[in-house]
2 protein chains.
Amino acid sequence: MGGDFAPANVVRGAVDALREQGGRITPILVGQEPRIRAELDRLSWNGKDGLEVVHASEVVEMHDSPNTALKAKKDSSIVVGVGLHRDRKGDAFVSAGNTGAVLSASTLILGRLKGVSRPTIGALFPTEGSPCFLVDAGANVDCKPRHLYEFGVMGSVYVSALVGKAEPTVGLLSIGEEDGKGNEVTMEAMEMFRKSRLNFIGNVEGRDILKGKVDVAVCDGFVGNILLKFGESVPGFLKSRLKEFAETGLWNKIRLLMAQGGLRAVLKKLDYQEYGGVPLLGVNGVSIIGHGGSTPKAIKNMILRAEEMVRWSINEKIQEAMGTHG
Amino acid sequence: MGGDFAPANVVRGAVDALREQGGRITPILVGQEPRIRAELDRLSWNGKDGLEVVHASEVVEMHDSPNTALKAKKDSSIVVGVGLHRDRKGDAFVSAGNTGAVLSASTLILGRLKGVSRPTIGALFPTEGSPCFLVDAGANVDCKPRHLYEFGVMGSVYVSALVGKAEPTVGLLSIGEEDGKGNEVTMEAMEMFRKSRLNFIGNVEGRDILKGKVDVAVCDGFVGNILLKFGESVPGFLKSRLKEFAETGLWNKIRLLMAQGGLRAVLKKLDYQEYGGVPLLGVNGVSIIGHGGSTPKAIKNMILRAEEMVRWSINEKIQEAMGTHG
């Protein structure tokens, strides 16, 4: 029931995932059953095969305070859905709802993996090469050096599975390349990274992300959230500027229309929808958090990504890495 | 002598500034005189009128540690140039050299304005409307709430003069719109901003910068530097993606070539060169710091901007505002 277009986009995304990968997944749609059934009817999905619906009467609104929501709305789709995952009636949980509430519910109800102080969310940025995983992307605002280090370990495991690299490069997002550049927290974290067995390449700068200089870029969630949202706003900015240019004359308009295919392809690279949501790493389960404005395509991608994470045994790998690196 | 293309680009930029605004400025070129003279000859500038050359034998290299450079290279173009400004033989100082060294030299040699704890640099971001001034853009990495507040006051004064708005809007860069969202430092700074006479609109998010939601966005220099460098890398990323698309076939190449004018115009909006350097606010003087890779055009713009800042009496205004807001 979460997100700006629920339940329509969520139901549609689940059905699309099922159509694409029916053999691998069985979506469990959690929420107000009559509304979910109505959406399934609209999609002409008879609902007998392939998916289940579990009723949850309450809805956590986007503006609800996460903690209040969890206490006051025990029959919300978020609390019920995460609970089903905890009881292993589902193998993963995916939501486009209130980010804070999904984070809190996943952390509290599923619990943390052994050795993990702070579960983290990471986001994929497009680059000139393979994507760069920015971690933490907003879950942990004030961090200690140890937390940054753990984000690096978890990020490395995730990216290793995602792109099939044995030892992804890990960098510490900072204000200069030299080890001595950074703030108090990153400079202390630097020492931990230098001593680790990670494929650590030192500091990386803001400009290195899109260049693809590193597979995993580590920062606190304050920096990560601001950077992620800034990046998400770039395609909209470019579109509005191109539109403005097109309005300067018919010939300019025609020229841009001709290039539209190329521009679309390029702007698409910057579009978060392609990647679906952001994975929550470090909890005892698989939880993916989507953008409130998730399209059906983003939802579908989140579901497929969740299935992959289960298949990769991501949590066993994280626990193993935390033990080795701890 | 600073920057990646010194003294060629610096001399060329100064001559271009002189050609454009000869009545208003008299550039003083500080550095190794024979090399500067050679550049002036190359530009067929006889050097009699309109500009001066002051010899300084040493060069602060881009990789020199700022503090060592200031102590060990007292006859560098940076130290000599800032000294000329302190002695009011020049009204402003502009450099594309080692950022840290220019910052330190300006702060130490010129001194701070009364009431300013930490001089700051700010950077202009393009938006859908008038530009957004991000402050601090990298001078102050670890900040206290009071510092953020001062950045807001100085930024407000600067933007007020720059775009001619009586009361520019000021926002605190954070991870959500509500007052309760932020890290420990921004949440404490929020209280100071709320009590101030600034036209403070509350928290702004990463996505609000390019949208132009606010005239001045306040953050610490760690966040600001990362965001600035990320933003600077966007045009290069887009160009490489467009090139890749063009290589997928002749027809695609032709289409993009036709749209080139529009694309250039749009990417230009994202290009820092248009704005020249970043102003250092809060020192007892006018100092502008350019990118190491500054083109002659960027240098020219920095010089013209410096002249404007002198004409605006920017420091009297900052001091007045610090007194009022203090």
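In case you missed it, the structure is sitting above this.
Below or above, wherever it landed, is the structure these notes cover. (Residues numbered from 1 in each chain as written. Chains lettered and ligands numbered in written order. Predicted model: local features only at pLDDT ≥ 70, side-chain atom pairs only at ≥ 80, totals over all residues. Heavy atoms only, no water.)

### Things to note about the overall build of chain A
The criterion, for reference: Helix and strand assignments come from DSSP, with helices taken as H or I runs of at least 4 residues and strands as E runs of at least 2, each series counted from the N terminus. Values of the radius of gyration come from C-alpha atoms, whereas the globule rule sets the reference at 2.2 Å times the count of residues to the power 0.38. The buried label goes to any residue with under 20% of its type's maximum accessible area, the exposed label to any with over 50%, and the partly exposed label to all in between, with areas taken from a 1.4 Å probe on protein chains only. Throughout, the Shrake-Rupley method with a 1.4 Å probe supplies accessible areas, and for residues the shown protein chains are the sole cover considered. Two residue types count as positive, namely Lys and Arg, and two as negative, namely Asp and Glu; His and chain ends fall outside the count. Charged side chains are reduced to one point each, which is NZ for Lys, CZ for Arg, CG for Asp and CD for Glu.
Within chain A, the secondary structure is distributed over twelve helices and ten strands. The globule rule puts the C-alpha radius of gyration for 326 residues at 20 Å, and the 21 Å found for chain A is close to it. Considered along the principal axes of its C-alpha atoms, chain A spans approximately 60 × 60 × 35 Å. Relative to its 326 residues, chain A shows a buried fraction of 59%. When the accessible surface of chain A is summed, it comes to about 13500 Å², and 49% of that surface belongs to carbon and sulfur atoms. Distance between charge centroids for chain A: 3 Å, based on 40 positive and 38 negative side chains.

### Looking at the side chain of A:Thr120
To keep it simple, the criterion reads: Counting of polar contacts relies on pairs of N or O atoms within 3.5 Å, with two restrictions inside protein: one atom must be capable of donating a hydrogen and the other of accepting it, and residues adjacent in sequence are counted only when both atoms are side-chain atoms.
Relative to the helices and strands, A:Thr120 is located in strand β4 (residues 120-125). Polar side-chain contacts of A:Thr120 include one of 2.7 Å to the side chain of A:Asp136.

### Thoughts on the relation of the copies chain B and chain A
Applied cut-off: Least-squares superposition aligns the copies on the C-alpha atoms of those residues with pLDDT at or above 70 in both. Contacts between residues were defined by any pair of non-hydrogen atoms, one from each residue, lying within 4.5 Å.
Laying chain B over chain A is done by rotating through 180° and shifting 0.0 Å along the axis; what remains is an RMSD of 0.0 Å. Expressed as an axis order, the relation between the two copies is that of a two-fold axis. Taken together, the interface assignments show that 100% of the residues at the interface of chain B recur at the interface of chain A, consistent with an identical surface on both copies.

### Topic: the environment of B:Ser287
Looking at the secondary structure, you find B:Ser287 in strand β10 (residues 287-289). For the pair B:Ser287 and B:Val82, spaced 205 residues apart in sequence, the C-alpha to C-alpha distance is 8.4 Å.

### A word on the sheet that holds strand β10 (residues 287-289) of chain A
Residues and elements named next belong to chain A. Using the following cut-off: Strand pairing is assigned whenever DSSP detects at least two bridges linking the two strands. Throughout, an axis means a line fitted to C-alpha atoms (over the contacting stretch in the case of helices), and angles, computed between N-to-C directions, take values from 0 to 180 degrees.
Strand order in the open sheet formed by eight strands is β3-β10-β9-β4-β5-β8-β6-β7, and the pairing between neighbours is mixed. The open sheet has two edge strands, β3 (93-95) and β7 (199-204), and neither has a second partner. Taking each pair of neighbouring strands and ignoring which way they run, the sheet shows an average axis angle of 25°.

### A look at the interface of chain B and chain A
What counts here: Buried area, as used here, totals the accessible surface that two parts lose on assembly, with accessibility defined by a 1.4 Å probe and the loss added over both. Criterion for a salt bridge: a side-chain nitrogen of Lys or Arg within 4 Å of a carboxyl oxygen of Asp or Glu. Polarity classes work like this: nonpolar for Ala, Val, Leu, Ile, Met, Phe, Trp, Tyr, Cys and Pro, charged for Asp, Glu, Lys and Arg, and polar for all others, with Gly in that last group.
Across the contact, 50 residues belong to chain B and 50 residues belong to chain A. Broken down residue by residue, the surface that chain B buries against chain A is led by B:Phe222, B:Phe230 and B:Phe237, which jointly contribute 16%. There are two salt bridges connecting chain B and chain A. Counting across the chain B and chain A interface gives ten residue pairs in polar contact (both at pLDDT 80 or more). Breaking the side of chain B that touches chain A down by element, the ones donating at least two residues are α7 (184-195), α8 (208-211), α9 (221-246) and α10 (250-269) of chain B. Tallying contributions element by element places α9(B) first for the side of chain B that touches chain A, with 19 residues. A per-class count over the side of chain B that touches chain A returns 25 nonpolar, 15 polar and ten charged.

### Comments concerning empty space enclosed by the protein
Applicable threshold: Cavities and pockets were defined on a 1 Å grid built from protein atoms only: a cavity is a group of points that admits a 1.4 Å probe but offers it no way out, a pocket is an open group of points flanked by protein on both sides within 12 Å along at least five of seven lines, and a lining residue is one with an atom within 4 Å of any such point. Grid points are joined across faces, edges and corners, and a volume is the space filled by probe spheres set on the points.
Tallied over the full model, the rule gives two cavities of 30 Å³ or more. Space inside the largest cavity adds up to approximately 100 Å³. As for the largest cavity, its lining consists of A:Leu238, A:Leu242, A:Leu263, A:Val266, A:Leu267, B:Leu238, B:Leu242, B:Leu263, B:Val266 and B:Leu267. At the level of secondary structure, the elements contributing two or more residues to the lining of the largest cavity comprise α9 (221-246) and α10 (250-269) of chain A together with α9 and α10 of chain B.

### Remarks on the sheet that holds strand β8 (residues 216-218) of chain B
All names here are of chain B. Read from one edge of the open sheet, eight strands run β3-β10-β9-β4-β5-β8-β6-β7, paired in mixed fashion. Looking at strand neighbours, the two that pair on one side only are β3 (93-95) and β7 (199-204), the edges of this open sheet. The mean inter-strand angle of the sheet, taken between neighbouring strand axes irrespective of direction, is 25°. Taken together, the three bridges between strand β5 (residues 132-135) and β8 define a ladder with parallel strand orientation. When the bridges of β8 are listed, phenylalanine 133 appears paired with valine 216.

### Section: the pairing of strand β4 (residues 120-125) of chain B
All names here are of chain B. Counting buried positions along β4 gives six out of six residues, so the element sits mostly inside the fold. What you see with β4 is no split at all: Thr120, Gly122 and Leu124 on one side and Ile121, Ala123 and Phe125 on the other are buried throughout. Bridge count for β4 against strand β9 (residues 278-281) is two bridges, and the pairing is antiparallel. Its bridge partner being in β9, isoleucine 121 is matched across the sheet by leucine 280. Where β4 folds back on β5, the antiparallel hairpin that results is connected by six residues.

### Some points on the packing of aromatic side chains
Aromatic ring pairs are defined here through the distance separating the ring centres and the angle between the ring planes. Here is the rule: By convention, a stacked pair of Phe, Tyr or Trp rings (six-membered ring in the case of Trp) has centres within 6.5 Å and planes under 30 degrees apart, an edge-to-face pair has planes over 60 apart, and any other such pair is tilted.
In this structure the tally under the stated criterion is eleven aromatic pairs over all chains. The interplanar angle of 70° and the centroid separation of 5.4 Å between the aromatic rings of A:Tyr149 and A:Phe193 together place this pair among those described as edge-to-face. Here A:Tyr149, found in helix α6 (residues 145-163), pairs with A:Phe193, found in helix α7 (residues 184-195); they are 44 residues apart in sequence, far enough to count as distant. Comparing A:Tyr149 with A:Phe193, the two get one shared label, buried. Measuring from centroid to centroid gives 5.7 Å for A:Phe230 and B:Phe125, while their planes differ by 85°, and the two rings are edge-to-face. Of this pair, A:Phe230 sits in helix α9 while B:Phe125 is found in strand β4, placing the two residues in two different chains.

### A short note on the nonpolar core
Proteins that are soluble and globular tend to have nonpolar side chains buried together. How we decide: Throughout, nonpolar core names a set of buried Ala, Val, Leu, Ile, Met, Phe, Trp, Tyr and Cys residues whose side chains join them through atoms within 4.5 Å.
In this structure, A:Leu173, A:Leu227, B:Leu173 and B:Leu227 are the most contacted members of the largest nonpolar core, which totals 98 residues. Here B:Leu227 is in contact with A:Ile226, A:Leu227, A:Phe230, B:Phe125, B:Leu134, B:Leu173 and B:Ile209, once residues within four sequence places are set aside. Ranked by size, the runner-up nonpolar core spans 35 residues in total, among them A:Val157, A:Val159, A:Met190 and A:Ala306.

### Here's the deal with the environment of B:Pro168
Residues and elements named next belong to chain B. The residue proline 168 is located in the loop between α6 (145-163) and β6 (169-173) in this model. Residue classification places proline 168 among the buried positions, given a relative accessible area of 1%. Along the sequence, proline 168 and valine 54 sit 114 residues apart, while their C-alpha atoms lie 39 Å from each other. In this structure proline 168 touches Ser156, Val159, Ser160, Asn199 and Asp215, once residues within four positions along its chain are discounted.

### A look at the pattern of salt bridges
Counting across every chain of the model gives 34 salt bridges over all chains. The residue A:Arg42 makes a salt bridge to A:Glu39 at a minimum N-O spacing of 3.3 Å. Residue A:Arg42 and its partner A:Glu39 are located together in helix α2 (residues 33-42), separated by three residues, close to a single helical turn. Between B:Arg37 and B:Glu33 there is a salt bridge; the shortest N-O distance is 3.1 Å. One end of the pair, B:Arg37, and the other, B:Glu33, are both in helix α2 (residues 33-42), four residues apart, so they sit about a helical turn from each other. Several salt bridges converge on common partners, so that one network encompasses A:Glu177, A:Asp208 and A:Lys213.

### Concerning the packing of α10(A) against α9(B)
So the rule is basically this: For classification, angles of less than 35 degrees are called roughly parallel, those exceeding 145 degrees roughly antiparallel, those between 65 and 115 degrees roughly perpendicular, and all remaining angles oblique. Handedness of a helix crossing follows the sense of rotation of the near helix relative to the far helix, less than a right angle counterclockwise being left-handed and clockwise being right-handed.
The interhelical angle for the contact between α10(A) and α9(B), taken along N-to-C directions, is 130°, at an axis separation of 10 Å. In terms of their interaxial angle, α10(A) and α9(B) are classed as oblique. Taken as a pair, α10(A) and α9(B) cross one another with a handedness that is right-handed. Packed against α10(A), whose contacting residues are A:Gly261, A:Gly262, A:Leu263, A:Ala265, A:Val266 and A:Lys269, the element α9(B) presents B:Leu238, B:Arg241, B:Leu242, B:Glu244 and B:Phe245 at the interface. Partitioning the contact of α10(A) with α9(B) into residue classes produces six nonpolar, two polar and three charged.

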